[in-house]
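Spelled out from the first residue to the last, the chains are:
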Amino acid sequence: MILPMCGIAGYLGPRKAVDVVFDQLKRLEYRGYDSAGIAFPDHGEIRVLKKAGKLTELGRLLEDHPTDVRSAMGHSRWATHGAPTDLNAHPHFDQTEDISIIHNGIIENYLELREELAAKGHDFHSQTDTEVAAHVIGDEYSKGVPLEEAVRLAVKRLRGAYALVVMSRREPGKLVATRNASPLILGLGKGENMLASDIPALLPYTRDVIVLDEGVIAVLTDHDVKIVDGDARDVHFKPMTVEWDLAAAERGGYEHFMLKEIHEQPDVIRQTLAGRIDEKNRIRFDQIFGEHVWHEIDRVNIIACGTAYNAGLMGKHLFEKLLRLPCDVYYSSEFRYGDPVLSPKSLAIFVTQSGETADTLAALRLCKQRRIRTLGIVNVIGSSIARECDRTIFTQAGPEICVASTKAYTAQVMVLTLLALYIAQVTETPGVRVPHIVEELRHLSEKASACLELEPQVLALAEEIRNTPLAFFLGRGADAYVALESALKLKEIAYIPTQEMPAGEMKHGPIALIEEGVIAVFGATSDALVENASIREKVISNMQEIKARGGTVIGVTTEDDHTVERVANHVLRVPDCESDFLTALLSAIPLQLLAYHVARLNGREIDQPRNLAKSVTVE
Ligand code: M6R
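Below is a short write-up of the structure. For every chain, the first residue of its written sequence is number 1, and the numbers climb from 1 along that sequence. Only residues with pLDDT of 70 or above have their local features reported here, since the model is predicted, and side-chain atom pairs are shown and tallied only from 80 upward, although totals for entire chains, interfaces and linings are computed over all residues. Hydrogens and waters are ignored; side-chain quantities use all the structure's heavy atoms.

1. Regarding the overall build of the chain
Working step 1: Going along the chain from the N terminus, every DSSP run of H or I of four or more residues is numbered as a helix, and every run of E of two or more is numbered as a strand. When you go through the chain residue by residue, the secondary structure sums to 19 helices and 26 strands.
Working step 2: Values of the radius of gyration come from C-alpha atoms, whereas the globule rule sets the reference at 2.2 Å times the count of residues to the power 0.38. For 619 residues, the compact-globule formula gives about 25 Å, and the C-alpha radius of gyration of the chain, at 25 Å, lands near that figure.
Working step 3: C-alpha extents for the chain along the principal axes are approximately 80 × 55 × 45 Å.
Working step 4: Remark: exposure states derive from per-residue accessible area (1.4 Å probe, protein chains only) relative to the maximum for the residue type, with buried under 20%, exposed over 50%, and partly exposed in between. When each of the 619 residues of the chain is scored for burial, the buried share is 62%.
Working step 5: Note on definitions: a residue-residue contact is assigned when non-hydrogen atoms from the two residues lie within 4.5 Å. If you take every contact in the chain between residues at least 6 apart in sequence, the share linking residues at least 24 apart comes to 70%.

This is the structure:
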């Protein structure tokens, strides 16, 4: 499973190590980054060259410092803790500059560790969690143990998701690597060994790779690789040979980026939570408005386009249901022309994957002119909307390559959920059990993995419905919002016409379209009671209306439900969550897979659908 963001590269062997590592970083460019750096041994010291901006900037720096060393490591950073500056770029040193590290992921307890080490006299030069990790490893290394032992002991003090590579000036010609949740791949050659955060960076040099297991420590020299577990016991490993060509390798072996991105969602869920929830299941958001602001806000307006708009609707559901805070969701393109009534105490939230959507940017500028508080929920760091909003929360989903948005949607809904819970925490909203819902969020990743296991069933269903002339997507409550997103997926990549709406609206006109061959996909994940009937019972009545007119019904329900199957022609079951909006969010995953497989069976251009662009920068 590939957890994207940042690139790691390392090389030991007879070639010019810095050139190899720079080439590997170029091959990881598709992951996105905003600074880069390289470390290598230099006359008994470690030389670090790093630069904010693109790799060409680092390339210029390297040209000014030519070297012929046989070992090096490099990193391309996508900023999380601290701005994308030269100082915050990796590699980072420990206190004594004996060791240097590169790191992907987030160290969740870095603030506590930083305070602990500062009390022991450590000085920190950057704002990063990575520098703190370097100091923790250095702290262990100062006890006189070998580098791999220092790393093994240090990781017991670190909490979070990480892939780490460490070099020491006292042990040149050695790289030590470990990981938890972030990927790290070792490449084995003859008289040379290497590592990277993704296979494409290794393929020009070797096809024999080891996908490093979580929690083990790998020790690489040019002629040897040794792996030990967390208790320092030797781990037996067997390299695998990669048969993919380079293009397939960039897609992690998946046929399309879309499928890869759908499969990344369990990791994306974890990544979205990383650094934002503490051991007491409280939400932590650094760098957003001061606490008094959340008491002042009287209304939220969410402004977005397409999939991000659909994620915004889930936000409305949360703000209104959980917080009783009025919330409207606007299409960015309509917002400006509608001459919106904006309360001076309102908050405008701009949801966007690319951060460059022209309509959303124009709406943001209008809010700024009107002096309304603005908050971005953005995936691409350094994008216009991320820069121009008063405050920005990053979705941390990693680069999304396929035009059709999948993992960004999940990450957007996750961030909106965290934000709603954060406001509840700060304002002490009665009746909202924040730690309880956070505990549910902790288990969401596993449940998302269970949804991916539905793929064989979804594939069989796709074969059956691939020629449908029209597909309805229906639901009530949060399921209705997911219906809009699921329909968008099917139409944009499979080019199948869709009708999407709350299930209760269907009989006010669109039901006239139902005839033999038409399919209706119903979200029926909620069994919440409204008055005396459950939402699911009402949805089942709507299913009957379709079936009675010759339509084919597909019901998406929960694992424990046995009512939908009595009516639906096909049933997909997702794990249940206590919070109905989370179950609804999970139900988007099999429906993304359904759109994908219908499009694939029909021979569509999945990653680049006709007439569409990833980032819509025209109004
Ligand atoms: O980059 P943005 O999130 O602002 O893009 C908004 C829409 O263009 C985007 O979500 C679009 O609808 C997706 N391609 C749908 O899959």
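2. Description of the pairing of strand E2 (residues 35-42)
Working step 1: Burial analysis of E2 places six of its eight residues in the buried class, the great majority of the element.
Working step 2: As defined by bridge partners, E2 adjoins strand E3 (residues 45-52) across eight bridges and the pair is classed as antiparallel. Residue pairing for E3: Ile38 is matched across the bridge by Leu49.
Working step 3: Strand pairing requires that DSSP identify at least two bridges connecting the strands. The hairpin formed by E2 and E3 contains two residues between the paired strands, and His43 there has a positive phi angle of roughly 50 degrees.
Working step 4: Pairing geometry for E2 and strand E4 (residues 71-77), over five bridges, is antiparallel.

3. With respect to the packing of helix H4 (residues 129-141) against helix H5 (residues 147-155)
Working step 1: Comment: axis = line fitted to C-alpha atoms, over the contacting stretch for helices; angle = value between 0 and 180 degrees taken between N-to-C directions. Close contact between H4 and H5 brings their axes to 8 Å; oriented N to C, the two are set at 125 degrees. Relative to H5, the element H4 is oriented oblique. Between H4 and H5 lies a crossing of right-handed hand. Residue-level contacts link Val136, Ile137, Glu140 and Tyr141 of H4 to Leu147, Ala150, Val151, Leu153 and Ala154 of H5. We call two directions roughly parallel when the angle between them is under 35 degrees, roughly antiparallel when it is over 145, roughly perpendicular when it lies between 65 and 115, and oblique otherwise. Here a crossing is taken to be left-handed if its near helix is turned anticlockwise relative to the far helix by less than a right angle, and right-handed if that turn runs clockwise.

4. Re a negative patch on the surface
Working step 1: On the surface, Asp527, Glu559, Asp560 and Asp576 cluster together into a negatively charged patch.
Working step 2: Checked against the element boundaries, Asp560 lands in the loop between strand E25 (552-558) and strand E26 (570-574). Like-charged residues within 9 Å of one another, or nonpolar side chains (Val, Leu, Ile, Met, Phe, Trp, Tyr) within 5 Å, are grouped into patches, provided each residue has over 30% relative accessible area and no salt bridge. Using a 1.4 Å probe, the Shrake-Rupley method yields the accessible areas, and only the shown protein chains count as cover for residues. By convention in these notes, a salt bridge is any Lys or Arg side-chain nitrogen within 4 Å of a carboxyl oxygen on Asp or Glu. The sign given to each residue is positive for Lys and Arg and negative for Asp and Glu; His and the chain ends receive no count. Charge coordinates come from a single atom per side chain, which is NZ of Lys, CZ of Arg, CG of Asp or CD of Glu.

5. What to know about the packing of aromatic side chains
Working step 1: Side-chain rings of Phe, Tyr and Trp, where Trp is taken by its six-membered ring, are said to pair if the distance between their centres is within 6.5 Å; with planes under 30 degrees apart they count as stacked, over 60 as edge-to-face, and otherwise as tilted. Taken as a whole and assessed by the stated rule, the structure comprises five aromatic pairs.
Working step 2: Measuring from centroid to centroid gives 5.5 Å for Phe285 and Tyr422, while their planes differ by 85 degrees, and the two rings are edge-to-face. With Phe285 in the loop between helix H8 (265-273) and helix H9 (291-296) and Tyr422 in helix H14 (residues 407-427), the pair connects residues that are 137 residues apart, well separated along the chain.
Working step 3: Ring geometry for Tyr330 versus Phe335: centroids 5.0 Å apart, planes at 80 degrees, classification edge-to-face.
Working step 4: Judged by relative accessible area, which is 23%, Tyr330 ranks as partly exposed.
Working step 5: Feature note: the residues Phe285, Phe289, Trp294 and Tyr422 constitute an aromatic cluster, connected by ring pairs.
Working step 6: In this scheme, Lys NZ or Arg CZ marks a charge over a ring once it lies within 6 Å of the ring centre and within 35 degrees of the ring normal. Against the face of Tyr33 rests Lys54, its NZ or CZ located 4.2 Å from the ring centre.
Working step 7: Sitting above the plane of the Tyr141 ring, Arg170 keeps its charged end 4.2 Å from the centroid.

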